[in-house]
Amino acid sequence: MIQMVNVSHLVEHFQLKIVSGEQGLSRPISVTDLSRPGLQLAGYKSHYPGERIQILGMTEMEFLHTLPNETIVDRLSFLMSEETPCLCVARNLELPQEVLDVSNSRGVPVIQSPLPTTSLVSKLTNYLEDRLAPTATIHGVLTDVYGVGVFILGASGIGKSETALELVKRGHRLVADDAVEIRQTQEGHLTGMAPDLIQHLLEIRGVGIINVMTMFGAGAVRNTKNIDMVVKLELWDQHKHYERLGLDEEKMKVMDTDVPVITVPVRPGRNLAVIIEVAAMNYRLKRMGYNAAVHFSKRLTDTIEDHDSFI
């Protein structure tokens, strides 16, 4: 699911000044890319990314002031197409009256920002990438364990929330319980957060709903966290083979991103919080270049080879 963004959202978020075309503030913005239409102002019309926000900086505005009035009307009429969300002018630069007239007649907003062009482009891009990122809501618990975003999955009632509570008591942080809103960036990173309604809340069967921040302090929660690994909890099946060495790394596709996943069988006597702590530390070691399973396998192979050569 992709959230909808329109020009009015930009105006409200960045406190932009509406110069003209106010009737078009509901125009949708569907892409994160921006355009600086210098070539189009110069008369090049073969390719025009009209679905993008058009940014006019000092260079474009100085060139625009050198054009005859009829040419300005022609070029701006081309720029302000049916799909163009808006024109955004940096540095609060003054606009020719012809631009305002075309804007009002076409219903394409012209908005001004006091920011320099480079800063404006950067801020708009970051905002749009965040707002237009694909999102999904998945049932689970997201925690921050030693700086690793651990997404705990499993059937209802298997002990996800109780495990998260134990992790919080051991000094780790809760991000979301029960429902996790996940946003996928263009770089393929997954960021999880709690819906506003249940932020910082944890449901423990038999006890009820508790507020983790109120009970354990602000250091026990965080609002967002990148998802680094998935831990799947499932009831112990004695007929199923579970990974014992850790040589085969499983992946799970969350939206369009592959995330490492480990399956932890649940049965009485197993301390799930400690197991998840170890899994998070092991994940960090792997990222730092040390894989205990690979190291053990190599030592075992070397030992066997030495034994064979001795014989």
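Quick note: structure is the one above.
Just so you know, these numbers come straight off a predicted model, no measurement behind them.

(A) Quick look at the overall build of the protein. Across its full length, the protein carries 10 helices and 19 strands. For the protein, whose C-alpha radius of gyration is 27 Å, the value lies well above the compact-globule estimate of 19 Å for 311 residues. Principal axes of the C-alpha set define a box for the protein whose edges measure 90 × 60 × 30 Å. Taking all 311 residues of the protein together, 43% fall into the buried category. In the protein, of all internal contacts separated by at least 6 residues, the share reaching a separation of at least 24 is 69%. Roughly 16900 Å² of accessible area belongs to the protein as shown, and the carbon and sulfur atoms make up 52% of that amount. The averaged location of the 38 negative side-chain charges in the protein is 5 Å from the averaged location of its 30 positive side-chain charges.

(B) Local environment of the packing of aromatic side chains. For the structure shown, the criterion picks out 2 aromatic pairs. Both rings, one in Tyr48 and one in Phe78, keep their centres 5.1 Å apart while their planes meet at 45°; by these two values the pair is tilted. Of the two residues, Tyr48 sits in the loop between α2 (38–41) and β5 (53–56) while Phe78 sits in helix α4 (residues 69–79), which places them 30 residues apart along the sequence. Assessed through its relative accessible area of 15%, Tyr48 is described here as buried. Of note, Arg267 hangs over the ring of Trp236, and the distance from its end group to the ring centre comes to 3.9 Å.

(C) Main features of the nonpolar core. Grouped together as the largest cluster of nonpolar side chains are 28 residues, with contacts concentrated most on Val150, Leu202 and Leu233. Of all the secondary-structure elements, those providing two or more residues to this core are β9 (141–145), β10 (148–154), α7 (160–169), β14 (201–204), β17 (229–235), β19 (257–266) and α9 (272–287). Counting residues per element, this core draws most heavily on α9, at 6 residues.

(D) Inspection of the sheet that holds strand β16 (residues 224–226) at higher detail. Here we have 4 strands laid out as an open sheet, ordered β8-β12-β13-β16, and antiparallel in their pairing. Each edge of the open sheet is held by one strand with a lone partner, namely β8 (135–139) and β16. Neighbouring strand axes in the sheet, compared pairwise and without regard to direction, differ in orientation by 30° on average. Where β8 meets strand β12 (residues 179–184), 5 bridges bridge the pair, whose relative direction is antiparallel. Bridging across to β12, Thr135 finds its partner in Arg183.

Reading the values: rules and limits
Residues numbered from 1 in each chain as written. Predicted model: local features only at pLDDT ≥ 70, side-chain atom pairs only at ≥ 80, totals over all residues. Heavy atoms only, no water. Helix = DSSP H or I, 4+ residues; strand = E, 2+ residues; numbered from the N terminus. Rg over C-alpha atoms; globule rule 2.2 N^0.38 Å. Buried < 20%, exposed > 50% of the residue type's maximum accessible area, 1.4 Å probe, protein only. Contact = heavy atoms within 4.5 Å. Areas by Shrake-Rupley, 256 points an atom, 1.4 Å probe, with all protein chains shown as cover. Lys, Arg positive; Asp, Glu negative; His and termini not counted. Charge placed at Lys NZ, Arg CZ, Asp CG, Glu CD. Phe/Tyr/Trp six-rings, centres within 6.5 Å; stacked < 30°, edge-to-face > 60°. Lys NZ or Arg CZ within 6 Å of the ring centre and 35° of its normal. Core = buried A, V, L, I, M, F, W, Y, C linked by side-chain atoms within 4.5 Å. Pairing = 2+ DSSP bridges. Axes fitted to C-alpha atoms, helices over the stretch in contact; angles between N-to-C directions.

These values are about where atoms sit, not about what they do.
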